[in-house]
Amino acid sequence: MIVAFSVAPSTSSEDGSVHDAVAAAVKVVRESGLPNRTSSMFTELEGEWDEVMDVVKRATEAVAAHGSRVSLVLKADIRPGHTGELDGKVERLESALQALNGPAAGTDLPE
């Protein structure tokens, strides 16, 4: 399964920054040893249900230390029997885009 999640504390800081809390969550994810990727809005994590949900729970607890309230947004792709999908899905998308775009620029086309 792949889970994309975002976790952040409530904040009363003047600039609204939550990067220290988010860093604590991402540290938990990276130390889990599960395949993962972090972008500006979400962290993606791949593994079996129990191990992924345990990491999400621990990441949420790490953020809770930074505020009195935590917001968690979670989206899951549950596809039993499939692994390596964190990269596999992106590779298939890139292949589909390449097929739509046709030959690379500068390639000779038959007349």
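Residues numbered from 1 in each chain as written. Predicted model: local features only at pLDDT ≥ 70, side-chain atom pairs only at ≥ 80, totals over all residues. Heavy atoms only, no water.

For the chain, the name recorded in an unreviewed UniProt entry is MTH1187 family thiamine-binding protein, with Arthrobacter ginkgonis as its organism. The heading Sequence similarities (unreviewed entry) in the UniProt record of the chain holds the text "Belongs to the UPF0045 family." (UniProt positions renumbered as here; feature names shortened; annotations may be inferred.)

> Quick rundown of a nonpolar patch on the surface? Include the residues and the values.
Where nonpolar side chains cluster on the molecular surface, the patch consists of Met41, Phe42 and Val73 and spans about 290 Å² of accessible area. Taking relative accessible area as the criterion, methionine 41 reaches 59% and is therefore assigned exposed. (Patch = residues over 30% accessible without salt bridge, like charges linked within 9 Å, V, L, I, M, F, W, Y side chains within 5 Å. Areas by Shrake-Rupley, 256 points an atom, 1.4 Å probe, with all protein chains shown as cover. Salt bridge = Lys/Arg side-chain N within 4 Å of Asp/Glu carboxyl O. Buried < 20%, exposed > 50% of the residue type's maximum accessible area, 1.4 Å probe, protein only.)

> How would you sum up empty space enclosed by the protein? Please name residues and give values.
Evaluation of the coordinates by the stated rule reveals 1 cavity of 30 Å³ or more. Here the largest cavity is characterised by a volume of approximately 60 Å³. Together, Met1, Ile2, Glu46, Asp77, Arg79, His82, Glu85 and Lys89 line the largest cavity. (1 Å grid on protein atoms, 1.4 Å probe; cavity = no way out; pocket = protein on both sides within 12 Å on 5 of 7 lines; lining within 4 Å. Points joined across faces, edges and corners; volume = space filled by probe spheres on them.)

> I'd like to hear about the environment of valine 29, residue by residue, with values.
Along the chain, valine 29 turns up in helix α1 (residues 19-31). Here valine 29 is in contact with Phe5, Asn36, Thr43, Leu45, Val55 and Ala59, once residues within four sequence places are set aside. (Helix = DSSP H or I, 4+ residues; strand = E, 2+ residues; numbered from the N terminus. Contact = heavy atoms within 4.5 Å.)

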